[in-house]
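# Residue-level structural notes
Now for the letters of each chain:
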Amino acid sequence: MKSPRAGSRFFSECDIISLHLPLNKDTRGIVTRDDLARMKPTALLVNASRSGLIAKGALEDALKAGRPGKAAVDVYDQEPVLGC
């Protein structure tokens with residue numbers, strides 16, 4: 001189990017965070033709104049795994065608030081995406 005202090009420090013100090021985890025009961029929502037709010041405005045969050053790793057709606061809200069400043073995603077809540 002990670003300590004809350006270690007998690008706070010991790011998200012606040014990283015310039016780039018890239019997610020590469022399977023989605024399961026232990027990892028669903030592992031990245032919280034509070035985690036994203038701790039990120040630098042210059043930070044980049046990359047999610048190349050599953051959208052469920054990030055709490056529902058948290059990334060959109062975080063980007064609107066400017067923390068993190070950027071995100072790159074290759075995942076969607078509903079896959080596959082058709083009609084693009």
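Residues numbered from 1 in each chain as written. Predicted model: local features only at pLDDT ≥ 70, side-chain atom pairs only at ≥ 80, totals over all residues. Heavy atoms only, no water.

### Considerations on the nonpolar core
Among the nonpolar cores identified, the biggest contains 14 residues, and I17, L19, V31, L36, M39, L45 and I54 are the most heavily contacted of them. Sort the elements by how many residues they give to this core and helix α3 (residues 58–65) lands first, with 3 residues. Beyond its immediate chain neighbours, meaning those up to four positions away, L19 contacts V31, L45, V46, N47, A48, S49, L53 and I54. (Core = buried A, V, L, I, M, F, W, Y, C linked by side-chain atoms within 4.5 Å. Buried < 20%, exposed > 50% of the residue type's maximum accessible area, 1.4 Å probe, protein only. Helix = DSSP H or I, 4+ residues; strand = E, 2+ residues; numbered from the N terminus. Contact = heavy atoms within 4.5 Å.)

### Things to note about the pattern of salt bridges
Tallying each qualifying case throughout the model produces 6 salt bridges. As a salt-bridge pair, K25 and D26 come within 3.5 Å of each other at their nearest N and O atoms. D26 carries the same exposure label as K25, and that label is exposed. (Salt bridge = Lys/Arg side-chain N within 4 Å of Asp/Glu carboxyl O.)

### Some points on the environment of D35
Inspection of the secondary structure puts D35 in helix α2 (residues 33–38). Classification of D35 as buried rests on a relative accessible area of 5%. Placed 24 residues apart in sequence, D35 and F11 show a C-alpha to C-alpha distance of 6.0 Å. A distance of 3.0 Å separates a polar atom in the side chain of D35 from the backbone nitrogen of T32. (Polar contact = N/O pair within 3.5 Å; in protein donor to acceptor, adjacent residues only side chain to side chain.)

### Thoughts on the pairing of strand β1 (residues 16–19)
Residues of β1 alternate between two faces, with I17 and L19 buried on one and I16 and S18 left unburied on the opposite face. Pairing of β1 with strand β2 (residues 44–47), which is carried by 4 bridges, proceeds in the parallel orientation. Residue pairing for β2: L19 is matched across the bridge by N47. For the segment spanning β1, α2 and β2, crossover handedness is right-handed. (Pairing = 2+ DSSP bridges. Right-handed = clockwise from strand over helix to strand, strands pointing away.)

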